[in-house]
Amino acid sequence: MNAQPALATAPLPPLPHWQSTPADLPGAIRQIKAALRARIAASGRTVEEVFAVVEWRIRAQVDEIAAARGRGETIWPVVDYADIEAGTVPAEALDKLRQRGCIVVRGHFDRQQALGWDRDIVDYVESNRFFDNYRGPGDDFFGRVGSKPEIYPIYWSPAQMQARQSDRMARVQAFLNSQWKHESHGVRWFDPNRDSLYPDRIRRRPAGADSNGLGTHLDPGTLDLWMTDAYQKAFRHLFDGTVEQYDPWDPAHRTAGPQYPGTTMCSAFRTFQGWTALSDMDHDQGVLHTVPIPEAMAYLMLRPLLPDVPEDDMCGVTVNQVFPANETWHPLLMQALAGIPDVKAGDSVWWHCDMIHSVAPVRNQQGWGNVMYIPAAPWCPRNEQYAATVRDAFRTGSSPGDFPEEHYERSWPDRFQPDDLNTTGRRGLGLD
Ligand SMILES: [Fe+2]
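Let me begin by describing the structure that accompanies this report. (Residues numbered from 1 in each chain as written. Predicted model: local features only at pLDDT ≥ 70, side-chain atom pairs only at ≥ 80, totals over all residues.)

Within the chain, the secondary structure is distributed over 15 helices and 16 strands. Against the globule reference of 22 Å for 432 residues, the chain gives a C-alpha radius of gyration of 22 Å, in line with a compact fold. Across its three principal axes, the chain shows a C-alpha extent of roughly 65 × 50 × 45 Å. For the chain, buried positions account for 43% of its 432 residues. Put simply, 84% of the contacts in the chain that link residues at least 6 apart link residues at least 24 apart. (Helix = DSSP H or I, 4+ residues; strand = E, 2+ residues; numbered from the N terminus. Rg over C-alpha atoms; globule rule 2.2 N^0.38 Å. Buried ≥ 20, exposed ≤ 12 C-beta atoms within 10 Å, placed from the backbone. Contact = placed C-beta atoms within 7 Å.)

This is the structure:
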């Protein structure tokens, strides 16, 4: 069924690209859709044929996940930190990680260490009167002063920095980075053994909380994924008749290109998004879900080219908003949505940077839901460039460039200091 037809040998027509956000978005969408269709057609296949190949492959994964669910299996692979450290992660677990694109690392940090960090963060924000001064969400003009947030726009606590520069974090990041093919075409796209210390925030959701959660979405980019030269090269196999060769673990052309700016952007290239649990969380208490199929990105990228989508619409993707995934355009994918198992403080949770994810709603949450967001963002040209702004933010206690300009910590005396950096921290910031 998947035998690849003989391909046309003539050179494929080039694609137009926009290295910054197009002024006329609907016009650019119409233009890129026509060009992508023409390129696929010139390869000797139709968009429908190419999409059918992807759909067939994804459907096999969706069926496999449904069967595993039926057998009562945990969909998210789980590995012990001790096995990562000793290099003894079982082959089946590695296969499952590559297949599902997500993983829970048990005992990444000692539970008492994680609970201690959670208390340290509370002390840090309370001693600096954060809740008295809180001005509301950074992107909401009408946020109330003094209300307690769930997402703390706090980046430079000793607890966060200790976790980011720890040997245990570096080991897990290197393990995850090495699942990617970091060298190809004679280029070393990133250094799997050096992280760029991407500073992100904290979530602390108290017991008893009601939350609507977060809808299914993905974070690697928006229209730039179709419209910039670098991403067109990264996703080349989807558009040149060789869709069978598309590899979600190939970072080629992803580690240097520009991104369209927006409040939801991530300037860094992340192999995996991730967080470390600072409280115990049960699987039914408003936790993270993913569509655990890395190849689903091919489906998401090709779906807008089918004829039932309006000509100036990319299945709802637009700049300055997260990339939505939903029942309207992606019902097959939604069937596979799977939540994390119960986690303990000190466990960490990771998912491939292209994967659809959501946070389930919860009413009257049992126990706290506290996490530190720490991804795997290996050293590469794109991350080296962002590290320069991170260094400045670190020195001054400012909010990093990807986040709203809130700058709560600038006057806080007990934030993490340059003298406290170890070798990993210095390398992560590009200081060594
Ligand atoms: Fe997200």
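Picking up after the structure, the text goes on.
Turning to helix H4 (residues 91-100), a few remarks are in order. When H4 is considered as a whole, its buried residues turn out to be Lys96, Leu97 and Arg100. Seen along its axis, H4 keeps its buried residues to an arc of 105 degrees; they face one direction. Relative to its buried face, H4 has exposed residues pointing more than 90 degrees away, namely Ala91 and Asp95. Buried residues along H4 sit against strand S2 (102-106). Phi turns positive one or two residues past the end of H4, at glycine 101, with a value near 70 degrees. (Arc of directions from axis to C-beta.)

What the five strands build is an open sheet, ordered S11-S8-S14-S10-S12; its pairing is antiparallel. Single-partner strands in this sheet number two, and they are strand S11 (323-324) and strand S12 (338-339). The pairing of strand S10 (residues 288-290) with S12 spans two bridges and is classified as antiparallel. Note that in S12 the partner of threonine 290 across the bridge is alanine 338. (Pairing = 2+ DSSP bridges.)

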